[in-house]
Protein chains: 2
Amino acid sequence: MKELDVGAFWRLLKPEVVAWAVAEHEGERSICPLGWTMRTSATPPMVAISVAPSRFTHGLIAGAGAFVLAYPGRELAQATAYCGSHSGSDVDKFAETGVTALPARQVAAPIIAECVANLECRVVERFTTGDHSIFVGEVVAAWAQEDPGKLLCLVDESAGYETVLKDERFRFGVVRG
Amino acid sequence: MKELDVGAFWRLLKPEVVAWAVAEHEGERSICPLGWTMRTSATPPMVAISVAPSRFTHGLIAGAGAFVLAYPGRELAQATAYCGSHSGSDVDKFAETGVTALPARQVAAPIIAECVANLECRVVERFTTGDHSIFVGEVVAAWAQEDPGKLLCLVDESAGYETVLKDERFRFGVVRG
């Protein structure tokens, strides 16, 4: 056991499932890809997500008091990279990526037709944690494809993953078979 | 896209990396396996963990104001199952699993010699979220094996995983190769 730099430590923490925070408020909507999400209550069902305040989507979630957590599959790796490297204040991420917004049942934000699964969440708490905010969302509806595919993850070079898209900063992939 | 029961939804969310919350307070120490963890700040580095208040380890973390987040590998699947199905109020999980507690550098809780990696964390915030608490920990030291192995995960039947241990309720595995 050797001590190491915390930055180096995070590179060990693979796989990390990717999720999109989707929010809509006062006629504006956007998509923010996240790796930092977790469940945080079984009854009632809740999820927690960490979002940087600088993100355009952060303001939409705070304003609307709700978000959709949408889980992309392999077909949306490029869209995930696009949404992670552009701001919703500059571009319409729905138009640019070509994803289909479907009306949610309980919240203003849309669900994403092409995603493997979608959770509709109402914000019940918001906390500041270092350089991010935690939004705690109560899950008020859940959706999935009829035949759900693999979830897109941040991965390493292991043989059990199929790499879908990579650059210098990240490697997206799915678990094989 | 079809609506589904939230309980059914969670079964889609694989892989989920397993981590152990390790805590020590006033001469008592224990280990609580968790699936619900995430990073929540880059600078300063922070993690958030969701722990049920009924867990013995919950009281130790709250009392000590610190915890270690230790990441087991494939060799600790059985120990993870044991720690998840017994209470530290009844048994000494270190003695029962045979894991080696090493002194941490910054916190009272020990690091685990057999784990792939360990994070020492000081609690900076605690929130109640439904039937769990979120402890937000600032990472004050990080450790890893010289040659870190694969992280133990909750997995499904996909070919890219090697199943290490399963019963009716869970399947632990690692990503192949």
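All values reported here derive from a predicted model rather than from experimental measurement.

**Student:** Break down the overall build of chain A for me, citing the residues and quoting the values.
**Tutor:** Scanning chain A from terminus to terminus reveals four helices and 14 strands. Reported as C-alpha extents along the three principal axes, the dimensions of chain A are approximately 50 × 35 × 35 Å. Considering chain A as a whole, with its 177 residues, one finds that 55% of them fall into the buried category. Of the roughly 7,100 Å² that chain A leaves accessible, carbon and sulfur atoms contribute 45%. Charged side chains of chain A number 16 positive and 22 negative; the gap between the two group centres comes to 5 Å.

**Student:** Describe the nonpolar core, and please don't skip the residues or the numbers.
**Tutor:** In this structure, Y71 and L119 of chain A together with L119 of chain B are the most contacted members of the largest nonpolar core, which totals 64 residues. Discounting chain neighbours no more than four positions away, the residues touching Y71 of chain A are V17, V18, A19, C115, V116, A117, L119 and L151 of chain A together with F9 and L13 of chain B.

**Student:** Report on the sheet that holds strand β13 (residues 161–166) of chain B, specifying residues and quantitative values.
**Tutor:** Residue and element names in this part refer to chain B. If you walk across this open sheet you meet the four strands as β2-β12-β14-β13, and the pairing is antiparallel. Pairing within the sheet leaves two strands with one partner each, and these edge strands are β2 (16–17) and β13. Sheet analysis places β2 next to strand β12 (residues 153–154), joined by two bridges and oriented antiparallel. Note that in β12 the partner of E16 across the bridge is L154. Of the strands in this sheet, β13 and β14 (171–175) are in contact with helix α3 (residues 77–84), which crosses β13 at around 45°.

Cut-offs used in this document
- Residues numbered from 1 in each chain as written.
- Chains lettered and ligands numbered in written order.
- Predicted model: local features only at pLDDT ≥ 70, side-chain atom pairs only at ≥ 80, totals over all residues.
- Heavy atoms only, no water.
- Helix = DSSP H or I, 4+ residues; strand = E, 2+ residues; numbered from the N terminus.
- Buried < 20%, exposed > 50% of the residue type's maximum accessible area, 1.4 Å probe, protein only.
- Areas by Shrake-Rupley, 256 points an atom, 1.4 Å probe, with all protein chains shown as cover.
- Lys, Arg positive; Asp, Glu negative; His and termini not counted.
- Charge placed at Lys NZ, Arg CZ, Asp CG, Glu CD.
- Core = buried A, V, L, I, M, F, W, Y, C linked by side-chain atoms within 4.5 Å.
- Contact = heavy atoms within 4.5 Å.
- Pairing = 2+ DSSP bridges.
- Axes fitted to C-alpha atoms, helices over the stretch in contact; angles between N-to-C directions.

Any link to function would need more than the numbers given here.
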